[in-house]
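# Structural description and commentary
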Amino acid sequence: RKEVEQDPGPFNVPEGATVAFNCTYSNSASQSFFWYRQDCRKEPKLLMSVYSSGNEDGRFTAQLNRASQYISLLIRDSKLSDSATYLCVVNRDTGRRALTFGSGTRLQVQP
Amino acid sequence: DAGVIQSPRHEVTEMGQEVTLRCKPISGHNSLFWYRQTMMRGLELLIYFNNNVPIDDSGMPEDRFSAKMPNASFSTLKIQPSEPRDSAVYFCASSFDWGNTGELFFGEGSRLTVL
């Protein structure tokens, strides 16, 4: 089983739609969580951190469910520019520590 | 400000050849990471350094791969001999406080094709 699992998609949604992605992680000791965004043939970039109480950044809302070991990202009022791959990232915090990336969920927003 | 700089951006080589990828991290960052990305396996951590010291190299596929960080401003990832299954995009990333912020700054990647 992969440490971080995501539905690869693609999610094809019209402009203005609300779309949600989930991500599950296997290591219950994971301490911190993030969402990255990767545009086609570009490098990944941090989108937002995920806090236990949930957090918003404009049209983006991230939530964490430790009991079920999943993280979600909600995008409201989708824009064409939101088209990208969204990577779920987990800090394993195993002592030597490293960020583990999911394979990503591809979003295509259509006009 | 200059970001993470990687070279070469693209490399096509033949099986059995040596490949060297280079990375210059952002000045002041104390952690450096090498990741590999393929369609099948996604983004995989190969190795990371903290203050120029390798901390976790458990992701290095096998002895054909080696990485060095001789100083705070330069790192190399070497593959010798290269094989077709090494074809991937290799990203270098650096960070100052990634343990708290989760923010890695990635270079544009080196796209490697081994024929």
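Quick caveat, the model's predicted, so the values are computed rather than measured. (Residues numbered from 1 in each chain as written. Chains lettered and ligands numbered in written order. Predicted model: local features only at pLDDT ≥ 70, side-chain atom pairs only at ≥ 80, totals over all residues. Heavy atoms only, no water.)

## A short note on the pattern of salt bridges
Residues and elements named next belong to chain B. We apply this condition: Salt bridges are identified by distance alone: a Lys or Arg side-chain nitrogen within 4 Å of an Asp or Glu carboxyl oxygen. Helix numbering and strand numbering both begin at the N terminus, where a helix is a DSSP run of H or I of at least 4 residues and a strand a DSSP run of E of at least 2. With a 1.4 Å probe rolled over the protein chains alone, any residue whose accessible area is under 20% of its type maximum counts as buried; one over 50% counts as exposed, and the rest are partly exposed.
Counted under the stated rule, the structure contains 13 salt bridges over all chains. Taking the shortest distance from any N to any O, the salt bridge between Glu108 and Arg9 comes out at 3.1 Å. Of this pair, Glu108 sits in the loop between strand E10 (105-106) and strand E11 (110-114) while Arg9 sits in the loop between strand E1 (5-7) and strand E2 (10-13), and the two are 99 residues apart along the sequence. Overall, the relative accessible area of 42% leaves Glu108 in the partly exposed class. Taken together, the shared-partner salt bridges connect Glu62, Arg64, Glu83, Arg85 and Asp86 into one network.

## What about the interface of chain B and chain A?
Cut-off, in case you're wondering: A contact between two residues is defined here by any heavy atoms of the two lying within 4.5 Å. The buried area of a pairing is the accessible area, by a 1.4 Å probe, that goes missing from both parts when the two are put together, added over both. As used in this structure description, the phrase polar contact means that two N or O atoms lie within 3.5 Å; if the pair is within protein, one of them must be able to donate a hydrogen and the other to accept it, and residues adjacent in sequence are counted only when both atoms belong to side chains. For this scheme, ten residues count as nonpolar: Ala, Val, Leu, Ile, Met, Phe, Trp, Tyr, Cys and Pro. Four count as charged, namely Asp, Glu, Lys and Arg, and the remainder, Gly too, count as polar.
With 21 residues of chain B at the contact, the number on the chain A side is 19 residues. Buried surface at the junction of chain B and chain A, both sides included, amounts to about 1,700 Å², of which 51% is carbon and sulfur. The largest per-residue losses of area from chain B upon contact with chain A belong to Leu43(B), Trp98(B) and Phe106(B), which jointly make up 26% of the total buried on that side. In this structure, the connection of chain B to chain A is made through zero salt bridges. Summed over the shared surface of chain B and chain A, the number is four residue pairs in polar contact (both at pLDDT 80 or more). Counting only elements with at least two residues in the side of chain B that touches chain A, the list comes to strand E4 (31-38), strand E5 (42-50), strand E6 (53-56) and helix H1 (98-101) of chain B. Of the residues forming the side of chain B that touches chain A, the biggest block, four residues, is contributed by E5(B). Partitioned by chemical class, the residues of the side of chain B that touches chain A number 10 nonpolar, six polar and five charged.

## Digging into the packing of aromatic side chains
As a reminder, the rule being used: Aromatic contacts are taken between Phe, Tyr and Trp rings whose centres are within 6.5 Å, Trp giving its six-membered ring; a plane angle under 30 degrees counts as stacked, one over 60 as edge-to-face, and the others as tilted.
What the rule picks out here adds up to 11 aromatic pairs over all chains. A ring pair is formed by Phe33(B) and Tyr35(B), whose centres lie 6.3 Å apart and whose planes are at 25 degrees; its orientation type is stacked. For Phe33(B), a relative accessible area of 0% corresponds to the buried category. The exposure class of Tyr35(B) is buried, given its relative accessible area of 0%. One aromatic cluster is present, built from ring pairs that chain together Tyr36(A), Phe101(A), Phe33(B), Tyr35(B), Tyr48(B), Phe91(B) and Phe106(B).

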